[in-house]
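Structure assessment
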Amino acid sequence: MITRFAPSPTGPLHLGHAFSALTAHDRARAAGGTFLLRIEDTDRERSKPEWEELIFEDLHWLGLDWPEPVLRQSDHLDDYHAVIDALAARGLVYPCSCSRADIRAALSAPQEGAPPVGPDGIVYPGTCRGRPMSSRQEGDALRLDIARAVAETGPLQFTETGPIHPGQHQADPEELVQGTGDVILARRVSGEVAYHLAVTLDDARQGVTEVTRGEDLFSATPVQRLLQELLRLPRPDYHHHRLIRDERGRRLAKRDDARALSLYRSEGVTPEEIRRMVGL
Ligand code: GLU
């Protein structure tokens, strides 16, 4: 059993991260397995070495350990782009010049109901779908043509071991097309590789057998299963855990610096108290 905690070094870790890391670590220990730390720093603008440093400090302070060296996604950019090229050669990728404003404008045409919202926000309306790769301009994003991709793959099953949706699941291809849409593989302007592809490749590269993460990413699982099938990667199990919320019921985000682990640490709170605070 191999599981992981995969933070992005874009701010201080908070209680929600502590819960996620401790859950993954405890599950690995209980199973006699391995807990991995992975640094997901594909967003070059927001990722900072000082945040990465703080992740190591906070997690060590919590009493966690992991094999070194850790995988840092920015060290593997060529691998991700090679996979995008291979998907493009199969006709599954197209260039897209739409800005957020273009997407909003395309969706503001009179239509029934609100536009569907998927794991990456508003579902892309498909304006650039069908553009050949040869028309790619500097600064275009690259998107996965989801309808073509689901036509190439079989059933997208997965096993959920978490407490919220335990059991066997099967992603619905139609729901992927309508409710997730053509996700970004490489971002507009910067060309940076996007989350779904990097996370899927690295879970496979590292032999992860159980993806432990927050419930907010449950809806990202079908598209990641799709990428696994397209790329013939092994299928891990999934363990989505509850989210830690503030007193108003909102889930914690990086802006909640007041709940930064480093702050608790400097105030003399102990790792045992952190465990209790998150209900472990
Ligand atoms: N890097 C992602 C985050 O910071 C987590 C990815 C995952 O666990 O699948 O939210």
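Heads up: these notes are all about the structure in this document. (Residues numbered from 1 in each chain as written. Predicted model: local features only at pLDDT ≥ 70, side-chain atom pairs only at ≥ 80, totals over all residues. Heavy atoms only, no water.)

A few words on the side chain of Thr-3. Relative to the helices and strands, Thr-3 is located in strand β1 (residues 2–5). For Thr-3, a relative accessible area of 0% translates into the label buried. At 2.6 Å, the side chain of Thr-3 forms a polar contact with the backbone oxygen of Glu-210. (Helix = DSSP H or I, 4+ residues; strand = E, 2+ residues; numbered from the N terminus. Buried < 20%, exposed > 50% of the residue type's maximum accessible area, 1.4 Å probe, protein only. Polar contact = N/O pair within 3.5 Å; in protein donor to acceptor, adjacent residues only side chain to side chain.)

Looking now at the pattern of salt bridges. One pass over the full model with this rule turns up 23 salt bridges. A salt bridge links Arg-38 to Glu-40; the nearest nitrogen and oxygen atoms lie 2.9 Å apart. Across the pair, exposure class does not vary: Arg-38 and Glu-40 are buried alike. Between Arg-259 and Glu-247 there is a salt bridge, and its shortest N-O distance comes to 3.0 Å. Remark: Glu-247 occurs in the loop between β12 (237–241) and α9 (261–266) and Arg-259 occurs in the loop between β12 and α9; sequence separation between them is twelve residues. Within this structure, Arg-4, Arg-38, Glu-40 and Asp-203 form a network of salt bridges that share partners. (Salt bridge = Lys/Arg side-chain N within 4 Å of Asp/Glu carboxyl O.)

This model, assessed by the stated rule, comprises zero disulfides. Summary of cysteine pairing: Cys-98 is not part of a disulfide, and the nearest cysteine sulfur, belonging to Cys-128, is at 3.8 Å. Judged by its relative accessible area of 9%, Cys-98 is buried. (Disulfide = S-S within 2.5 Å.)

Here the focus is the site of the ligand. Around the ligand, the structure places Arg-4, Ala-6, Ser-8, Glu-40, Tyr-195, Val-199, Arg-213 and Leu-217. A distance of 3.0 Å separates an oxygen atom of the ligand from a polar side-chain atom of Tyr-195. Between an oxygen atom of the ligand and a side-chain N or O atom of Arg-213, the distance comes to 2.9 Å. When the ligand sits alone it has 300 Å² of accessible area, and the protein chains cover 78% of it. When grouped by side-chain class, the residues that make up the shell around the ligand number four nonpolar, one polar and three charged. (Near = heavy atom within 4 Å. Areas by Shrake-Rupley, 256 points an atom, 1.4 Å probe, with all protein chains shown as cover. Nonpolar A, V, L, I, M, F, W, Y, C, P; charged D, E, K, R; others polar.)

Here the structure, examined in full by the defined rule, presents three aromatic pairs. Aromatic side chains Phe-158 and Phe-218 sit 6.1 Å apart centroid to centroid with 65° between the ring planes, which places their arrangement in the edge-to-face category. With Phe-158 in strand β8 (residues 156–160) and Phe-218 in the loop between β11 (210–214) and α8 (221–230), the pair connects residues that are 60 residues apart, well separated along the chain. Taken as a pair, Phe-158 and Phe-218 share a single burial class, namely buried. On the numbers, 5.7 Å between centres and 75° between planes, the contact of Phe-158 with Tyr-238 is edge-to-face. Taken together, the positions of Phe-158 in strand β8 and Tyr-238 in strand β12 put the pair 80 residues apart, joining distant regions of the chain. (Phe/Tyr/Trp six-rings, centres within 6.5 Å; stacked < 30°, edge-to-face > 60°.)

Another point: the environment of Leu-36. By the element assignment, Leu-36 lies in strand β2 (residues 34–39). The class for Leu-36 is buried, based on a relative accessible area of 12%. On a C-alpha basis, the gap between Leu-36 and Ala-198 in space is 16 Å, while along the polypeptide they are 162 residues apart. Residues in contact with Leu-36, not counting those within four places in the same chain, are Ile-2, Thr-3, Arg-4, Phe-5, Trp-66, Pro-67, Gln-206 and Val-208. (Contact = heavy atoms within 4.5 Å.)

Attention now goes to the nonpolar core. If you look at the biggest cluster of nonpolar residues, it comprises 29 residues, and the most contacted ones within it are Ile-84, Leu-87, Leu-144, Leu-197, Leu-226, Leu-230 and Leu-231. Mapped by element, the contributors of at least two residues to this core are α3 (77–89), β7 (141–144), α5 (146–152), β10 (184–186), α7 (195–205) and α8. The greatest single-element share of this core, amounting to five residues, is contributed by α3. (Core = buried A, V, L, I, M, F, W, Y, C linked by side-chain atoms within 4.5 Å.)

With that settled, the discussion passes to the packing of α7 against α8. Helix-helix packing is characterised by the crossing angle of the two axes and by the distance between the axes. α8 packs onto α7 with a crossing angle of 60° between their chain directions and a minimal axis gap of 9 Å. Regarding the angle of α7 to α8, the classification is oblique. Crossing angle aside, the handedness with which α7 passes α8 is right-handed. Where α7 approaches α8, its residues Tyr-195, His-196, Leu-197, Val-199 and Thr-200 are matched on the opposing element by Val-223, Gln-224, Leu-227 and Gln-228. The residue makeup of the contact of α7 with α8, split by class, is five nonpolar, four polar and no charged. (Axes fitted to C-alpha atoms, helices over the stretch in contact; angles between N-to-C directions. Parallel < 35°, antiparallel > 145°, perpendicular 65-115°, else oblique. Left-handed = near helix turned anticlockwise from the far one by under 90°.)

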